[in-house]
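# Coordinates in review
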Amino acid sequence: MYQLEYDQDWYGYFDTVPEDIQRRFMKRREKYIAFPTFAFRHEKREVTFFVDEIGQYRALFTSDETTLTRKFYFIGDHKAYEKFIGIRK
């Protein structure tokens, strides 16, 4: 079982997504707590985030297998996601 943590900027991103996406994210908390890391897609860039797709939105997090902690950094639509990881300006 993983502990969930949130970066200080997470809530700013979370507050900007539609309420139905917020609800869908909250329903997935059990998945984030219980599922092994290989159940998630990995972002292959310099920054090693895992990506979970929620409709047209993306949630990015890291997973520390030593401390069993998952830390969430970003949630947003595809354009904002590309901007966050540095693909789009």
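Let us look at the structure shown here. Just so you know, the residues in each chain are numbered from 1, in the order the chain's sequence is written. Thresholds applied to this predicted model are a pLDDT of at least 70 for local features of residues and 80 or more for the giving and counting of side-chain atom pairs; totals over whole chains, interfaces and linings are not thresholded and use all residues. To obtain the side-chain values, all non-hydrogen atoms of the structure were included, while hydrogens and water were left out.

## Overview of the overall build of the chain
Each helix is a run of H or I in the DSSP string that is no shorter than four residues. Each strand is a run of E no shorter than two, and both are numbered from the N terminus. Broken down by element type, the chain carries four helices and five strands. Helices and strands appear in the chain in the N-to-C order β-α-α-α-β-β-β-β-α. For each residue, the accessible area found with a 1.4 Å probe, counting protein chains only, is set against the maximum for its type, and the residue is called buried under 20%, exposed over 50%, and partly exposed in between. The burial tally for the chain puts 38% of its 89 residues in the buried class.

## Describing helix H2 (residues 19–27)
When we look at burial in H2, the residues that qualify are Ile21, Gln22 and Phe25. Projected down its long axis, H2 carries its buried residues within an arc of 105 degrees, all on one side. Seen from the buried face of H2, the exposed residues on the opposite side, beyond 90 degrees, are Glu19 and Lys27. Contacts were defined at the residue level, with two residues in contact if any of their heavy atoms lie within 4.5 Å. Tucked inside the fold, the buried residues of H2 contact strand S1 (3–6), helix H1 (10–14), helix H3 (29–34), strand S3 (50–54), strand S4 (57–64) and strand S5 (69–77). Here, the arc refers to the directions that run from the helix axis to the C-beta atoms.

## Regarding the pattern of salt bridges
The working definition used for a salt bridge is a side-chain nitrogen of Lys or Arg within 4 Å of a carboxyl oxygen of Asp or Glu. For the structure shown, the criterion picks out four salt bridges. Residue Arg23 is joined to Glu19 by a salt bridge in which the shortest nitrogen-to-oxygen separation is 3.8 Å. With a gap of four residues between them, Arg23 and Glu19 both fall in helix H2, about one helical turn apart. Across the pair Asp52 and Lys31 runs a salt bridge, and its minimum N-O distance is 3.3 Å. One end of the pair, Asp52, is in strand S3; the other, Lys31, is in helix H3, and 21 residues separate them in sequence.

## What about unusual backbone geometry?
Keep in mind that most residues, glycine aside, have a negative phi and that most peptide bonds are trans. Here Leu68, not a glycine, exhibits a phi torsion of approximately 55 degrees, which is positive. As for its position among the elements, Leu68 is in the loop between S4 and S5.

## What about the environment of Glu82?
Here Glu82 lies in helix H4 (residues 78–85). A relative accessible area of 14% means that Glu82 is categorised as buried. A sequence separation of 24 residues divides Glu82 from Arg58, and the C-alpha atoms of the two residues are 9.8 Å apart. Ignoring any residue separated from it by four or fewer positions in sequence, one finds Glu82 in contact with Ile87 and Arg88.

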